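Working through the structure, step by step
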Amino acid sequence: MDIKILQLIEGAKQATGLTVIIDVFRAFSVEACLVDLGAKRIYPIGDKQIAYDQKQKDNSLVLIGERKGVILPGFDFGNSPSQIISSGFDFKGKTVLHTTSAGTQGIANAKNATEILTGSLVNAKAIARYIKKKNPSEVSLVCMGLEAKAPIEEDTLCANYIKALLEEKDFDIESETEKLKYSSGAKFFDKDLQNVFPQDDFYFCTKANSFDFVLKLTKDENGLDYVEKINI
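This text gives an overview of the structure that appears in the document. (Residues numbered from 1 in each chain as written. Predicted model: local features only at pLDDT ≥ 70, side-chain atom pairs only at ≥ 80, totals over all residues. Heavy atoms only, no water.)

To continue, consider the packing of aromatic side chains. How two aromatic rings sit relative to each other is given by the distance of their centres and the angle of their planes. According to the stated counting rule, one finds 15 aromatic pairs in the structure shown. Residues Phe77 and Phe91 carry aromatic rings whose centres are separated by 5.6 Å and whose planes lie at 40° to one another, so their mutual orientation is tilted. In this pair, Phe77 sits in the loop between β5 (70–71) and α4 (81–87) while Phe91 sits in the loop between α4 and β6 (95–99), placing the two residues 14 residues apart along the sequence. Each member of the pair, Phe77 as well as Phe91, carries the same accessibility label: buried. Relative to Tyr203, the ring of Phe189 has its centre 5.9 Å away and its plane inclined at 90°; by these criteria the two rings are edge-to-face. Taken as a pair, Phe189 in the loop between α8 (173–179) and α9 (199–205) and Tyr203 in helix α9 lie far apart in primary sequence, 14 residues in all. Classification of Tyr203 as partly exposed rests on a relative accessible area of 38%. (Phe/Tyr/Trp six-rings, centres within 6.5 Å; stacked < 30°, edge-to-face > 60°. Helix = DSSP H or I, 4+ residues; strand = E, 2+ residues; numbered from the N terminus. Buried < 20%, exposed > 50% of the residue type's maximum accessible area, 1.4 Å probe, protein only.)

Soluble globular proteins tend to bury their nonpolar side chains together. Core analysis: the largest hydrophobic core is formed by 65 residues, its most contacted members being Leu34, Ile64, Phe91 and Ile162. Leaving out residues up to four positions away in the same chain, Leu34 has contacts with Ala39, Ile42, Ile64, Ile84, Phe91 and Val96. Judged by nonpolar contacts, the second largest core, of nine residues, contains Leu61, Leu63, Phe75 and Leu97. (Core = buried A, V, L, I, M, F, W, Y, C linked by side-chain atoms within 4.5 Å. Contact = heavy atoms within 4.5 Å.)

With that out of the way, let us pick up the side chain of Ser80. In this fold, Ser80 is placed in the loop between β5 and α4. The contact partners of Ser80, leaving out residues within four places of it in the chain, are Arg26, Val30, Pro198 and Asp201.

As a further point, take the pattern of salt bridges. The tally for this structure, following the rule as stated, stands at 15 salt bridges. Between Glu147 and Lys68 there is a salt bridge, with its nearest N and O atoms 3.4 Å apart. Separated by 79 residues along the polypeptide, Glu147 in the loop between β8 (138–143) and α7 (153–166) and Lys68 in the loop between β4 (62–67) and β5 bring together distant segments of the chain. For Glu147, a relative accessible area of 24% puts it in the partly exposed group. With its nearest N and O atoms 2.8 Å apart, the salt bridge here joins Asp225 to Lys219. Take Lys219: its relative accessible area is 54%, and that puts it in the exposed class. One connected set of salt bridges, linked through shared partners, spans Lys68, Glu147 and Lys149. (Salt bridge = Lys/Arg side-chain N within 4 Å of Asp/Glu carboxyl O.)

Printed below as a string of structure tokens:
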């Protein structure tokens, strides 16, 4: 099994084989959260205008997304798992359109992948188990970074962790996630940014292996991509 760790949009374009698009803070932690809350389907989309257009056609759609971390105007929720949970909104049976600065952009650009999973720390072991079961010849772990413009610690950490799991090597994930408080995760502890980056999001997104499922990109009856929950 040839395992490559790639970075950003260019990395997504280069990805081949079974591809994991990684966005820990916060896109794909959010999608795992939404599935756990009972969302029927989540459509990851790169272009926010598609979300606006579809909402006009079907008001039952739930719009979730951000740019630069901030909720998009007119959207139902931003990209915060803790705020989504605390809202008490009933997602059971709902269809969600989800657009972010990094993670969903990676999906949109991974044109050469044979299969795409979303990646985050909250289901890293499940991802590794799924990959081992499929046993592909090529695996691409794509770190989407900060706004898909610069590599960022948490995504590279997640890729290295999944790679270690696949290679059955020791990896102290608790120690490594703790270090994120002092690097890319520091924004979650800034009292002036709690409306956009609440502290609880850090703990949600870094609680490794909270979920025993993967999210696989699948086409619906109209040929549109959505993420499907597969229990592992």
